[in-house]
Amino acid sequence: MIWGAYSKERFGTGLTGLASNPGGPADTLVIGAPGEALSGTDAGWIGAYSTPILEGIEKRDSDWQSYFSTGGQGAGAAIVDVGDIDGNGYGDLWVAGDLEKDSDEGHLFLTASSGSGTQIEVSAGWPGYGYSAAGLELGGGQRALALGNIGWLHNTGAVWIWTSLPKDGDPVYDAEIQLYGSNEGDLLSWLHGLESADFDGDGIDGLLISEPATDSLYLLEQSTWATGEFGISDVALRFEGAYEDTQFGNSAQTGDFNGDGYTDWAVSAPRQSTSTWSNVGFAYVFLSDASGWTSGGDAGDADASIQGKGGGTSFGLGMATGDTNGDEVSDLAAFQALDKDKSTIWLFAGPLEGALTHDDATAEFGAIEDGECGWLSNMTMLDVNGDQMDDLAIGCGNTSTAEVGSWVGVTSILLTQGL
Ligand SMILES: [Ca+2]
Ligand SMILES: [Ca+2]
Ligand SMILES: [Ca+2]
Ligand SMILES: [Ca+2]
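Residues numbered from 1 in each chain as written. Chains lettered and ligands numbered in written order. Predicted model: local features only at pLDDT ≥ 70, side-chain atom pairs only at ≥ 80, totals over all residues.

Caption draft 1: Quick look at the environment of isoleucine 2. Mapped onto the elements, isoleucine 2 comes out in strand 1 (residues 2-3). As a C-alpha pair, isoleucine 2 and glutamate 58 span 56 residues in sequence and 5.4 Å in three-dimensional space. For isoleucine 2, the contacting residues outside a window of four places in its chain are Ile31, Ile57, Glu58, Lys59, Val410 and Thr411. (Helix = DSSP H or I, 4+ residues; strand = E, 2+ residues; numbered from the N terminus. Contact = placed C-beta atoms within 7 Å.)

Caption draft 2: Structural view of the pairing of strand 10 (residues 129-139). Buried residues dominate strand 10, accounting for 8 of its 11 residues. Hairpin connection from strand 10 to strand 11 (residues 142-149): 2 residues lie between these consecutive antiparallel strands, with glycine 140 at a positive phi of about 65 degrees. (Buried ≥ 20, exposed ≤ 12 C-beta atoms within 10 Å, placed from the backbone. Pairing = 2+ DSSP bridges.)

Caption draft 3: The arrangement of the sheet that holds strand 21 (residues 282-286) in detail. With mixed pairing, 5 strands are arranged side by side in an open sheet as 19-20-21-23-27. The sheet is open, and its two edges are formed by strand 19 (252-255) and strand 27 (354-357), each paired on a single side. Sheet twist, expressed as the mean angle between neighbouring strand axes with direction ignored, is 20 degrees. (Axes fitted to C-alpha atoms, helices over the stretch in contact; angles between N-to-C directions.)

Caption draft 4: Here's a closer look at the sheet that holds strand 8 (residues 105-111). Strand order in the open sheet formed by 4 strands is 6-7-8-9, with antiparallel pairing between adjacent strands. In this open sheet, the two edge strands, each paired with only one partner strand, are strand 6 (78-83) and strand 9 (117-123). Ignoring strand direction, the axes of neighbouring strands in this sheet form an average angle of 25 degrees. In this sheet, strand 7 (residues 92-96) lies alongside strand 6 in antiparallel orientation, the contact comprising 5 bridges. If you follow alanine 78 over to strand 7, its bridge partner there is alanine 96.

As structure tokens, this is what we get:
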């Protein structure tokens, strides 16, 4: 466990695994503390911890750290590994501000060999900006950066795609491609709702865009991009939930869940109910192949489904993927909030197929013992101890301790070896 150092810094609210060599495994854990106040109230902080991460590690043991300078933005509330955006051979980060602070800026953090790097600030002028992001490989060495803003135009939501690097201070609406939601309240690009991968093996990434308020997950392939402005309703590949109001699309993840070499995707519907349980939550896995995705579908078309446990617990509020047992088949972790203070995390070893429930989980991890870790937790997978098996890192920014104070935050690491 790595604990925050100060009251209200919310250490662990954002976290991700970063690959120094983007072709290789993630080897650095980057953790955010949006309430860190050294350079202004709620300006924010990120710190990087290279693997192996050893027991007894403390916040101050970071290999490098960065303080953000704009008070009230809460930078580090979300951190996304966007791959090697500038093509220098080192993986890069997107660092977003805090939704609760109505943050309207984000930072592209271009890393270099030392681990530290250049910051490019991109602002939006709308609150709720920058929480989701994804880097895309477009083939021929070209890369793009997709940035989400769920708050754009009274929570309609938007996605901006940069096919060349933004410059420091650029407004986000200077992006070459601008994709807008349909209606106020649709919240296009929700939270961790942008994911990219090469689903059909042609060397060009597609982009998953979630809109759980309309129970939708869209897949945008480069062949269907329009330059300039277009609407999400023009994106042909739409996948929808089994019913209305299930929050289908809440969390999207990519991985090879059947081990055939094609990257698949998983999506959750944490508000989906059964006849017995209200809001129990489901996750779905859709398998890709060489022919690619040519039409949309719904939850009933999924190759695997997983039902959570109990009513009102919202299985799939957060998910993470990686290979926890070294068999080169992706495994899926999903958490559900048994109440507002406690989460349970279920780990499902791939291959994933058919109708599954929490009873089919390979492992179950209970709530952490010290303090709260509920609705606000998020997680990522990376190999923290170098045994070639991915481990789970879980950030709980709202955890409090009697010693330090409220919302100090903690990141818990679960070693998956031996599962
Ligand atoms: Ca780079
Ligand atoms: Ca596959
Ligand atoms: Ca595996
Ligand atoms: Ca490991």
